[in-house]
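# Summary of the model geometry
So the chains spell out like this:
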Amino acid sequence: MRIKRLPESLVRKIAAGEVIHNPSFVLKELVENSLDAQADRIVVEIENGGKNMVRVSDNGIGMTREEALLAIEPYTTSKIESEEDLHRIRTYGFRGEALASIVQVSRTKIVTKTEKDALATQLMIAGGKVEEISETHRDTGTTVEVRDLFFNLPVRRKSLKSSAIELRMCREMFERFVLVRNDADFVFTSDGKIVHSFPRTQNIFERAILILEDLRKGYITFEEELSGLRIKGIVSSREVTRSSRTGEYFYVNGRFVVSEELHEVLMKVYDLPKRSYPVAVLFIEVNPEELDVNIHPSKIVVKFLNEEKVKKSLEETLKRNLARKWYRSVAYEEISSHALSVAESPSYRWFLVKGKYAVVEVEDGLLFVDLHALHERTIYEEILSKKSWRKRRVKRNITVVLSREEKQKLEEYGFSFQGEEGALKVIEIPEFLTEDVVEEFFRDFPVDEKLKERIALAACKLATKSGEFDEEIASKLLDVFFKKRFERCPHGRPISFKISYEDMDRFFER
């Protein structure tokens, strides 16, 4: 055989195999593009573990028609312009390979719109060939729908794992982004059902506790700067472990990375028995010029210019913080003598802390209740069960497309429409909605799922704000809590946490 140049189509398929290994990597590349496009709401939808479909929708800046057509070509990107830019990477993407690789091995639909464009651009692509270019309606942002991954590479298609395993890998990839980007809303659906819905949180630590439930048994948080590095993290106490490394997350400059060097530091400091691993989410920020992220096609491996300095700084930070005696399970406030003197009910004693939390004395310990989360859940359940709400008229001309069944379901909650089915004019909306969110309400999701999501958001807005509770409202909510035993708010945050008297005795070494 003589040496010859490979056809361009074959070269692209080979390149795609280096970047896209399975549906979770499709998800990864598309979510990275969304975040680089300044999106603060990202919806991931998959079917059959991602083997049938992976769809990522965002509210980012979108693309023009010319940019969309250019984006599916290899080595086209908006992230870098010169060789020098490779030494100061601050975006997730920069190679210009991802979208080009995805369209080569799938049937892809791209719908995208910039703020200036009147209509969105829609591209239909199969195996790298653009089959259709058209215009459609969409808000500013981008949706990329990837179907039949590896349909033109039958061996690769057959090598995909079971749908359950592929789903697990997609969820794990999704959670990597959710952990680090608490400034964005994330939704994950599988086969039409919402699996995760994470609203924005005040800080990264709140997100970690939502996702990694083990941390609630005992954790510490820290944030330090030393040797030109910024290190922050939330890690479990030595007593809270897993039998595998599934609770280990390292982020460098906001990018999830796999690092044996950082893992070794973590294990050295914890000094745990064999087959025991801590739960740890660690964020390291370094000067981009001291970091090489261009050593692996999927960008999950990085190289530090001064690896020893990073390892030493991380080790010192972990040792110093793990030496602390107290592992937090809730954010404790100092409880004043005044707080201890407040109300008492016939069935339980309790007091209010900072207008946010109720601390309740129960038979086997102290129960801490987040009153805002409890109020949210109480209102949410009331809305779902009442189905009889006062209405407010809609002043704007808003038209939605609904089936007869969808229309009837919405009418139960206080909506009124002009017409029977198809394109209907919205006449009235229930009091728990505001007019400015009606159009968003009917966008992106089937009615059943969108309805509950919107009701959850309405419940959050109607609930008393954290820090503004008085004893009267708190007392009524605690009565509801002990009757209903709600565990989580509509967004998934925990409502209560209990410290047993045994744990307190152990802490005070009694």
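Just above, that's the structure.
Residues numbered from 1 in each chain as written. Predicted model: local features only at pLDDT ≥ 70, side-chain atom pairs only at ≥ 80, totals over all residues. Heavy atoms only, no water.

### Comments concerning the sheet that holds strand β12 (residues 248–252)
On the basis of which strands lie adjacent, the open sheet formed by five strands has the order β9-β10-β15-β12-β13 and mixed pairing. Two strands in the sheet have a free side with no partner beyond their single neighbour: β9 (219–226) and β13 (255–257). Each strand of the sheet is rotated relative to its neighbour by a mean of 20°, with strand direction disregarded. Its contacts with the sheet put helix α6 (residues 163–180) on β12, β13 and β15 (280–285), and the angle it makes with β12 is roughly 60°. Against the sheet, helix α7 (residues 204–211) engages β9, β10 (229–236) and β15, with an angle of about 30° to β10. (Pairing = 2+ DSSP bridges. Helix = DSSP H or I, 4+ residues; strand = E, 2+ residues; numbered from the N terminus. Axes fitted to C-alpha atoms, helices over the stretch in contact; angles between N-to-C directions. Contact = heavy atoms within 4.5 Å.)

### Some remarks on helix α8 (residues 260–270)
What α8 keeps buried is the set Leu262, His263, Val265, Leu266, Met267, Val269 and Tyr270. As for α8, its buried residues are in contact with β10, β12, β14 (277–278), β15 and α9 (307–322). The positive-phi residue at the C-terminal boundary of α8 is Asp271, with phi of around 50°. (Buried < 20%, exposed > 50% of the residue type's maximum accessible area, 1.4 Å probe, protein only.)

### Some details on the nonpolar core
In terms of nonpolar packing, the biggest core is built from 56 residues, with Leu27, Val31, Val44, Phe186 and Val281 touching the most fellow members. Counting residues per element, this core draws most heavily on α6, at seven residues. Those residues in contact with Val44 that lie beyond four places of it in its chain are Leu27, Val31, Arg55, Val56, Phe174, Val187, Phe188 and Thr189. Phe250, Val257, Tyr270 and Ala280 belong to the second largest nonpolar core, which has 26 residues in total. (Core = buried A, V, L, I, M, F, W, Y, C linked by side-chain atoms within 4.5 Å.)

### Digging into the environment of Ser403
For Ser403, the location among the structural elements is in the loop between β22 (399–402) and α12 (404–412). Take Ser403: its relative accessible area is 27%, and that puts it in the partly exposed class. Along the sequence, Ser403 and Glu420 sit 17 residues apart, while their C-alpha atoms lie 8.3 Å from each other.

### Focus: the pairing of strand β7 (residues 185–190)
For β7, the buried fraction is high: six of the six residues fall into the buried class. By the alternation rule, side chains of β7 split into Asp185, Val187 and Thr189 and Phe186, Phe188 and Ser190, which are all buried. Bridge count for β7 against strand β8 (residues 193–198) is five bridges, and the pairing is antiparallel. Residue pairing in the sheet places Ser190 in a bridge with Lys193 of β8. Following β7, the chain reverses through two residues before pairing antiparallel with β8; Asp191 in that reversal takes a positive phi of roughly 50°.

Keep in mind that these numbers describe shape and distance, not what the molecule does.
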